[in-house]
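Descriptive analysis of the structure
Each chain is listed here by its residues.
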Amino acid sequence: MNRRRLGRKGPEVSAIGLGCMGMSEFYGEADETESIAVIRHALDLGVNFLDTSDTYGRGHNEELVGRAISDRRDEVVLATKFGILRSDDPAYRGVDGSPEYVRKAADASLRRLGVDHIDLYYAHRRDPKVPIEDTVGAMGELVAAGKVGRIGLSEVSAETLRRAHATHPISALQSEYSLFTRGLEAEILPAARELGIALVAYSPISRGLLGGTLPPAEELPDGDFRKNIPRFSGENGAHNETLVGEVRRIAEEVGCTPAQLSLAWLLAQGEDVIPIPGTKRLRYLEENAAAADVTLTSGQLAALEAAVPAGAVQGDRYRDMSGLER
């Protein structure tokens, strides 16, 4: 597996990481035994950049990842996040970026993960009630205490990124980025590059849509949150499926799968872009990891750009977009 650097002075990580969220919720039932096998096989393949959060499964995902890496900690660059609050109401989402909560959340994540430090600690969402300088300042204290190696942010604007980086060096920005989600290319990605911050791309296959085999939203199982995402349903879904057909066509010409083509396109956007496709299945893990060996020509990249230009996709990527900065 090729390596990329996590920020200008950060550690090297696998060019393609592994998002672990779906092993705990959001995408229907998961099997813990297989999920742990996926994580361990990822390490065998050289995929050493693992991504979780305290909100995934309300702590379950961190515990799962911790069990999977308990005897292989030194092989892993471990990333987790804090800031999204959950309750017994499945629809509730709050945000807390207060310094007190930063410290409390970090200690809780360390316990669940069973580790003595977190390699990369993200603020999962910006708390509009708390100056970003206060949140990042508290995260910097965790670095000074040895509990965290480096810090990152998720889904913030270029302005917020600049203010945060002026408070404490930011190593990574995690935001949704794919052939189907390109809004950050205008301002956010250039700001990250100016500051030497890596772009960690989540949902790089657009939650499976770019895989080319996803059924219509109405046919997805209960418990799969994609059923309620505007991008997947109705006229939006039908329109976007025609774009997927174009991706599938080009993938056949390249000699790879649509998912691999989508990941290869992201890798071609710059050495500072690190996709973290999520999966709970061994076969998809191997397919995604193999995308690191797919090199696209300038002609193939141009064909993709013509087939799926920025802004071509219809429908929001979340049902509620209010917590995302742009």
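Quick note: structure is the one above.
Residues numbered from 1 in each chain as written. Predicted model: local features only at pLDDT ≥ 70, side-chain atom pairs only at ≥ 80, totals over all residues. Heavy atoms only, no water.

Turning to the overall build of the protein chain, a few remarks are in order. Across its full length, the protein chain holds ten helices and twelve strands. Taking 2.2 N^0.38 as the reference for a compact globule, 326 residues should give roughly 20 Å; the C-alpha atoms of the protein chain span a radius of gyration of 19 Å, in line with that estimate. If you line up the protein chain on its principal axes, its C-alpha atoms span 50 × 40 × 40 Å. Here the protein chain holds 326 residues, and 55% of them are scored as buried. Here the analysis covers contacts within the protein chain between residues at least 6 apart in sequence; of these, 75% occur between residues at least 24 apart. Counting only carbon and sulfur atoms, one obtains 49% of the accessible surface of the protein chain, whose full area is about 13,400 Å². Side-chain charges in the protein chain split into 38 positive and 49 negative, and the spacing between the mean points of these groups amounts to 3 Å. (Helix = DSSP H or I, 4+ residues; strand = E, 2+ residues; numbered from the N terminus. Rg over C-alpha atoms; globule rule 2.2 N^0.38 Å. Buried < 20%, exposed > 50% of the residue type's maximum accessible area, 1.4 Å probe, protein only. Contact = heavy atoms within 4.5 Å. Areas by Shrake-Rupley, 256 points an atom, 1.4 Å probe, with all protein chains shown as cover. Lys, Arg positive; Asp, Glu negative; His and termini not counted. Charge placed at Lys NZ, Arg CZ, Asp CG, Glu CD.)

Of all the residues in helix H9 (residues 282-290), the buried ones are Leu285, Glu287, Asn288 and Ala289. Contact partners of the buried residues in H9: strand S3 (18-19), helix H1 (32-44) and helix H8 (258-267).

Assignment of secondary structure puts Asp272 in the loop between H8 and strand S12 (273-275). Among the polar contacts made by the side chain of Asp272, one reaches the side chain of Arg193 at a distance of 2.7 Å. Ignoring sequence-local partners within four residues, the contact set of Asp272 consists of Arg193, Ala198 and Leu199. (Polar contact = N/O pair within 3.5 Å; in protein donor to acceptor, adjacent residues only side chain to side chain.)

Before going further, it helps to spend a moment on the environment of Ile84. For Ile84, the position within the fold is in strand S6 (residues 84-85). Judged by relative accessible area, which is 14%, Ile84 ranks as buried. When the C-alpha positions of Ile84 and Asp31 are compared, they lie 25 Å apart, and in sequence the two are 53 residues distant. Those residues in contact with Ile84 that lie beyond four places of it in its chain are Asp54, Thr55, Arg93, Gly94, His124 and Arg125.

With that out of the way, let us pick up the nonpolar core. Ranked by size, the top nonpolar core spans 82 residues in total, and within it Leu18, Ile39, Leu153, Leu161, Tyr177 and Phe180 carry the most contacts. Here this core gets seven residues from one element, more than from any other, and that element is H8. Leaving out residues up to four positions away in the same chain, Leu18 has contacts with Met23, Val38, Ile39, Ala42, Val47, Phe49, Leu50, Asp51, Ile276, Pro277, Thr279 and Leu285. (Core = buried A, V, L, I, M, F, W, Y, C linked by side-chain atoms within 4.5 Å.)

We now examine the pairing of strand S5 (residues 77-82). Burial of S5 is extensive: six of the six residues sit out of reach of the surface. In this sheet, S5 lies alongside strand S4 (residues 49-51) in parallel orientation, the contact comprising three bridges. Each bridged residue has a counterpart across the sheet, and for Leu50 the counterpart in S5 is Leu78. As for the winding sense of the linkage, the β-α-β connection from S4 through helix H2 (residues 60-68) to S5 is right-handed. One ladder, built from four bridges, connects S5 with strand S8 (residues 118-123); its direction is parallel. Note that in S8 the partner of Lys81 across the bridge is Tyr122. (Pairing = 2+ DSSP bridges. Right-handed = clockwise from strand over helix to strand, strands pointing away.)

This brings us to the environment of Gly245. The topology assignment puts Gly245 in helix H7 (residues 234-254). Taking C-alpha positions, Gly245 is 7.4 Å from Gly212, a pair spaced 33 residues apart along the chain.

A few words now on the sheet that holds S4. The strand order S3-S4-S5-S8-S9-S10-S11-S12 describes an open sheet built from eight strands, whose pairing is parallel. Looking along the sheet, the strands with just one partner apiece sit at the ends: S3 and S12. One ladder, built from three bridges, connects strand S11 (residues 198-202) with S12; its direction is parallel. Paired with Ala201 across the bridge in S12 is Pro275. Against the sheet, helix H3 (residues 99-113) contacts S5 and S8, and its axis sits at roughly 135° relative to S8. (Axes fitted to C-alpha atoms, helices over the stretch in contact; angles between N-to-C directions.)

Relative orientation of the contacting elements helix H4 (residues 132-144) and helix H5 (residues 158-167) amounts to 40°, with a least axis distance of 9 Å. With respect to H5, the element H4 is oriented oblique. Both H4 and H5 take part in a crossing whose hand is right-handed. Between H4 and H5, the contacting residues are Ile132, Glu133, Val136 and Gly137 on the first element and Thr160, Arg163, Ala164 and Thr167 on the second. Class assignment of the residues belonging to the contact of H4 with H5 gives a composition of three nonpolar, three polar and two charged. (Parallel < 35°, antiparallel > 145°, perpendicular 65-115°, else oblique. Left-handed = near helix turned anticlockwise from the far one by under 90°. Nonpolar A, V, L, I, M, F, W, Y, C, P; charged D, E, K, R; others polar.)

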